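Now for the letters of each chain:
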Amino acid sequence: MCSSDLPDGFVIWTRLALDPLLARGGMRPTPVPVGWEVAANETMSAIVRSGEFTARVELGHSVHVEVDGLEPAREYFFRFRAGDAESPIGRVRTLPAPGAALARLRFVAAGCQHWEGGFFTAWKRVAEEAPDFVFHYGDYIYEYARSLEDGRRQPWP
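Cut-off values and rules
- Residues numbered from 1 in each chain as written.
- Predicted model: local features only at pLDDT ≥ 70, side-chain atom pairs only at ≥ 80, totals over all residues.
- Heavy atoms only, no water.
- Helix = DSSP H or I, 4+ residues; strand = E, 2+ residues; numbered from the N terminus.
- Buried < 20%, exposed > 50% of the residue type's maximum accessible area, 1.4 Å probe, protein only.
- Contact = heavy atoms within 4.5 Å.
- Areas by Shrake-Rupley, 256 points an atom, 1.4 Å probe, with all protein chains shown as cover.
- Phe/Tyr/Trp six-rings, centres within 6.5 Å; stacked < 30°, edge-to-face > 60°.
- Lys NZ or Arg CZ within 6 Å of the ring centre and 35° of its normal.
- Core = buried A, V, L, I, M, F, W, Y, C linked by side-chain atoms within 4.5 Å.
- Salt bridge = Lys/Arg side-chain N within 4 Å of Asp/Glu carboxyl O.
- Patch = residues over 30% accessible without salt bridge, like charges linked within 9 Å, V, L, I, M, F, W, Y side chains within 5 Å.
- 1 Å grid on protein atoms, 1.4 Å probe; cavity = no way out; pocket = protein on both sides within 12 Å on 5 of 7 lines; lining within 4 Å.
- Points joined across faces, edges and corners; volume = space filled by probe spheres on them.
- Polar contact = N/O pair within 3.5 Å; in protein donor to acceptor, adjacent residues only side chain to side chain.

Participant: For the overall build of the protein, give the residues involved together with the corresponding values.
Facilitator: Broken down by element type, the protein carries one helix and eleven strands. Each helix and strand of the protein, placed in order from N terminus to C terminus, yields the pattern β-β-β-β-β-β-β-β-α-β-β-β. Split into buried and exposed, the 157 residues of the protein put 25% on the buried side. For the protein, long-range pairs separated by at least 24 residues make up 55% of all intrachain contacts whose partners lie at least 6 apart in sequence. Accessible surface computed for the protein: about 10600 Å², of which carbon and sulfur atoms make up 55%.

Rendered as C-alpha coordinates:
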(Lines give C-alpha, C1' and ligand atoms only; values in the text may rest on other atoms or scores of the structure.)
Protein backbone atom coordinates (compact mmCIF):
# COMPACT_ATOMS: atom_id res chain seq x y z
CA MET A 1 0.00 0.00 0.00
CA CYS A 2 1.31 3.43 -0.91
CA SER A 3 1.77 5.97 1.90
CA SER A 4 -0.64 8.26 0.06
CA ASP A 5 -3.38 5.68 0.81
CA LEU A 6 -2.75 5.88 4.55
CA PRO A 7 -3.56 8.63 7.07
CA ASP A 8 0.07 9.04 8.15
CA GLY A 9 1.57 10.01 4.80
CA PHE A 10 1.39 11.29 1.26
CA VAL A 11 3.43 11.48 -1.92
CA ILE A 12 5.27 14.66 -2.88
CA TRP A 13 6.60 15.03 -6.39
CA THR A 14 8.31 17.39 -8.76
CA ARG A 15 10.11 17.33 -12.08
CA LEU A 16 13.39 19.03 -12.91
CA ALA A 17 13.19 20.90 -16.20
CA LEU A 18 15.33 23.85 -17.22
CA ASP A 19 13.14 24.23 -20.33
CA PRO A 20 10.04 21.99 -20.19
CA LEU A 21 9.43 22.13 -23.95
CA LEU A 22 12.86 20.75 -24.88
CA ALA A 23 13.74 17.06 -24.97
CA ARG A 24 14.55 15.87 -21.43
CA GLY A 25 13.25 19.23 -20.20
CA GLY A 26 16.55 20.79 -21.20
CA MET A 27 18.36 18.66 -18.63
CA ARG A 28 21.66 16.86 -19.18
CA PRO A 29 21.28 13.07 -19.36
CA THR A 30 22.75 12.57 -15.89
CA PRO A 31 21.21 11.83 -12.48
CA VAL A 32 20.61 14.82 -10.19
CA PRO A 33 20.41 14.61 -6.38
CA VAL A 34 17.30 16.38 -5.05
CA GLY A 35 16.81 17.20 -1.38
CA TRP A 36 13.30 17.28 0.03
CA GLU A 37 11.83 18.53 3.32
CA VAL A 38 8.44 18.29 5.00
CA ALA A 39 7.65 20.73 7.81
CA ALA A 40 4.89 21.25 10.34
CA ASN A 41 4.76 24.98 9.56
CA GLU A 42 4.71 27.20 6.47
CA THR A 43 8.01 28.89 7.34
CA MET A 44 9.71 25.47 7.08
CA SER A 45 11.36 25.98 10.47
CA ALA A 46 9.86 22.82 12.03
CA ILE A 47 11.15 20.05 9.72
CA VAL A 48 9.54 16.67 10.50
CA ARG A 49 10.89 14.60 7.58
CA SER A 50 13.67 15.12 5.06
CA GLY A 51 15.85 13.18 2.68
CA GLU A 52 17.41 12.99 -0.74
CA PHE A 53 16.11 11.40 -3.93
CA THR A 54 17.95 10.93 -7.21
CA ALA A 55 16.15 12.37 -10.24
CA ARG A 56 17.07 10.05 -13.13
CA VAL A 57 16.90 10.75 -16.84
CA GLU A 58 14.95 7.54 -17.55
CA LEU A 59 12.15 8.90 -15.34
CA GLY A 60 12.20 12.35 -16.96
CA HIS A 61 14.12 13.75 -13.99
CA SER A 62 10.96 13.38 -11.91
CA VAL A 63 10.98 12.90 -8.16
CA HIS A 64 8.29 10.94 -6.30
CA VAL A 65 8.80 10.65 -2.54
CA GLU A 66 6.51 8.60 -0.28
CA VAL A 67 6.49 10.33 3.09
CA ASP A 68 5.08 8.49 6.14
CA GLY A 69 5.08 8.56 9.93
CA LEU A 70 3.02 11.78 10.11
CA GLU A 71 -0.11 12.75 12.04
CA PRO A 72 -3.49 12.12 10.39
CA ALA A 73 -5.80 14.98 9.28
CA ARG A 74 -3.02 17.55 9.53
CA GLU A 75 -1.61 20.15 7.17
CA TYR A 76 2.09 19.96 6.26
CA PHE A 77 4.39 21.96 3.98
CA PHE A 78 7.15 20.76 1.67
CA ARG A 79 9.89 21.90 -0.68
CA PHE A 80 12.63 20.52 -2.91
CA ARG A 81 16.24 21.62 -3.51
CA ALA A 82 18.49 20.75 -6.45
CA GLY A 83 21.85 22.49 -6.72
CA ASP A 84 21.22 26.14 -5.91
CA ALA A 85 17.55 25.97 -6.97
CA GLU A 86 14.74 25.75 -4.43
CA SER A 87 11.09 25.05 -5.19
CA PRO A 88 8.24 27.15 -3.89
CA ILE A 89 6.76 25.77 -0.67
CA GLY A 90 3.86 23.39 -1.26
CA ARG A 91 1.00 22.52 1.08
CA VAL A 92 -0.49 19.09 1.66
CA ARG A 93 -2.81 17.42 4.18
CA THR A 94 -2.82 13.86 5.46
CA LEU A 95 -6.02 11.81 5.38
CA PRO A 96 -8.19 11.52 8.49
CA ALA A 97 -7.73 8.42 10.64
CA PRO A 98 -9.98 5.49 9.66
CA GLY A 99 -13.41 5.89 11.25
CA ALA A 100 -12.84 9.53 12.21
CA ALA A 101 -15.97 11.69 12.12
CA LEU A 102 -15.83 14.48 9.55
CA ALA A 103 -17.74 17.73 9.94
CA ARG A 104 -17.35 18.39 6.22
CA LEU A 105 -15.47 17.15 3.17
CA ARG A 106 -14.58 19.57 0.38
CA PHE A 107 -12.84 18.43 -2.77
CA VAL A 108 -11.94 19.63 -6.24
CA ALA A 109 -12.23 17.49 -9.38
CA ALA A 110 -9.97 18.75 -12.15
CA GLY A 111 -8.50 17.70 -15.45
CA CYS A 112 -8.07 18.46 -19.12
CA GLN A 113 -5.91 21.52 -18.75
CA HIS A 114 -3.86 22.41 -21.79
CA TRP A 115 -0.65 24.04 -20.53
CA GLU A 116 -0.01 25.82 -23.83
CA GLY A 117 -3.48 27.37 -23.67
CA GLY A 118 -2.65 29.91 -21.00
CA PHE A 119 -2.40 30.61 -17.33
CA PHE A 120 -4.32 28.55 -14.83
CA THR A 121 -5.75 31.10 -12.43
CA ALA A 122 -8.23 28.51 -11.21
CA TRP A 123 -5.38 26.82 -9.30
CA LYS A 124 -4.79 30.00 -7.31
CA ARG A 125 -8.43 29.91 -6.27
CA VAL A 126 -8.19 26.21 -5.41
CA ALA A 127 -5.21 26.98 -3.14
CA GLU A 128 -7.16 29.82 -1.48
CA GLU A 129 -10.16 27.55 -0.88
CA ALA A 130 -7.92 24.88 0.74
CA PRO A 131 -10.06 21.84 -0.10
CA ASP A 132 -9.56 18.58 1.77
CA PHE A 133 -8.29 16.91 -1.39
CA VAL A 134 -7.93 17.37 -5.14
CA PHE A 135 -8.86 14.59 -7.55
CA HIS A 136 -7.00 15.28 -10.80
CA TYR A 137 -8.19 12.77 -13.38
CA GLY A 138 -5.77 13.52 -16.19
CA ASP A 139 -4.46 15.88 -18.77
CA TYR A 140 -4.83 16.07 -22.50
CA ILE A 141 -1.69 18.11 -23.14
CA TYR A 142 0.06 15.00 -24.48
CA GLU A 143 -2.65 14.23 -27.03
CA TYR A 144 -1.71 17.10 -29.32
CA ALA A 145 1.40 18.31 -31.06
CA ARG A 146 3.21 21.27 -29.55
CA SER A 147 3.71 24.54 -31.39
CA LEU A 148 7.25 25.50 -32.31
CA GLU A 149 8.41 29.11 -32.55
CA ASP A 150 8.39 28.97 -36.35
CA GLY A 151 4.74 27.86 -36.40
CA ARG A 152 5.39 24.17 -37.16
CA ARG A 153 3.74 21.48 -35.03
CA GLN A 154 5.82 18.75 -33.42
CA PRO A 155 4.73 15.73 -31.35
CA TRP A 156 5.66 15.74 -27.67
CA PRO A 157 8.98 13.97 -26.98
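Participant: So what's going on with unusual backbone geometry? Which residues, and what values?
Facilitator: Phi is positive for Ala73, close to 55 degrees, though the residue is something other than glycine. Position of Ala73 relative to the elements: it lies in the loop between strand E4 (62–67) and strand E5 (75–82). Judged by its relative accessible area of 47%, Ala73 falls in the partly exposed class. Phi at Ala130 takes a positive value of approximately 50 degrees, unusual for a residue other than glycine. Residue Ala130 is classed as partly exposed on the basis of its relative accessible area, which comes to 21%.

Participant: I'd like to hear about the packing of aromatic side chains, residue by residue, with values.
Facilitator: Between two aromatic rings, the relevant description is the distance of the centres plus the angle of the planes. By the definition in use, this model includes four aromatic pairs. The interplanar angle of 40 degrees and the centroid separation of 6.1 Å between the aromatic rings of Phe135 and Tyr137 together place this pair among those described as tilted. Looking at Phe135, the relative accessible area reads 47%, which means it is partly exposed. Lying across the ring of Tyr76, Arg74 places its NZ or CZ 4.8 Å from the centre.

Participant: Which residues make up the nonpolar core, and what values do they have?
Facilitator: Core analysis: the largest hydrophobic core is formed by 18 residues, its most contacted members being Phe10, Ile12, Val34, Val38 and Val67. Of all the secondary-structure elements, those providing two or more residues to this core are strand E1 (10–15), strand E2 (32–39), E4 and E5.

Participant: Account for the pattern of salt bridges, naming residues and giving values.
Facilitator: On inspection of all chains with the given rule, the structure shows nine salt bridges. Of the charged contacts in the structure, one is a salt bridge between Arg81 and Glu37, with a shortest N-O distance of 3.4 Å. One end of the pair, Arg81, is in strand E5; the other, Glu37, is in strand E2, and 44 residues separate them in sequence. Residue Arg81 is classed as partly exposed on the basis of its relative accessible area, which comes to 34%. Residue classification places Glu37 among the buried positions, given a relative accessible area of 18%.

Participant: Before we move on, can you summarise a nonpolar patch on the surface with the specific residues and values?
Facilitator: Taken together, Leu102, Leu105, Phe107, Phe133, Phe135 and Tyr137 make up a surface patch of nonpolar side chains, about 650 Å² in accessible area. By secondary structure assignment, the location of Leu105 is in the loop between strand E7 (90–93) and strand E8 (107–110).

Participant: Any chance you could break down the environment of Thr30 for me, citing the residues and the numbers?
Facilitator: With respect to the helices and strands, the residue Thr30 is situated in the loop between E1 and E2. Taking relative accessible area as the criterion, Thr30 reaches 39% and is therefore assigned partly exposed. A sequence separation of 26 residues divides Thr30 from Arg56, and the C-alpha atoms of the two residues are 6.8 Å apart. With residues up to four places along the chain from it excluded, the contact list for Thr30 reads Ala55 and His61.

Participant: Residues and numbers for the layout of surface pockets, please.
Facilitator: Within this model, the second largest pocket holds a volume of roughly 210 Å³. Taken together, Ala73, Arg93, Thr94, Leu95, Pro96, Leu102, Arg104, Leu105, Asp132 and Phe133 form the lining of the second largest pocket.

Participant: Mind laying out the side chain of Glu37, listing which residues take part and the relevant values?
Facilitator: Reaching out from Glu37, the side chain makes a polar contact with the side chain of Arg79 at a distance of 2.7 Å. Polar side-chain contacts of Glu37 include one of 3.4 Å to the side chain of Arg81. Excluding residues that lie within four positions of it along the chain, Glu37 makes contacts with Met44, Ile47, Arg49, Ser50, Phe77, Phe78, Arg79 and Arg81.

So far we have only geometry, and geometry alone does not tell us how the molecule works.
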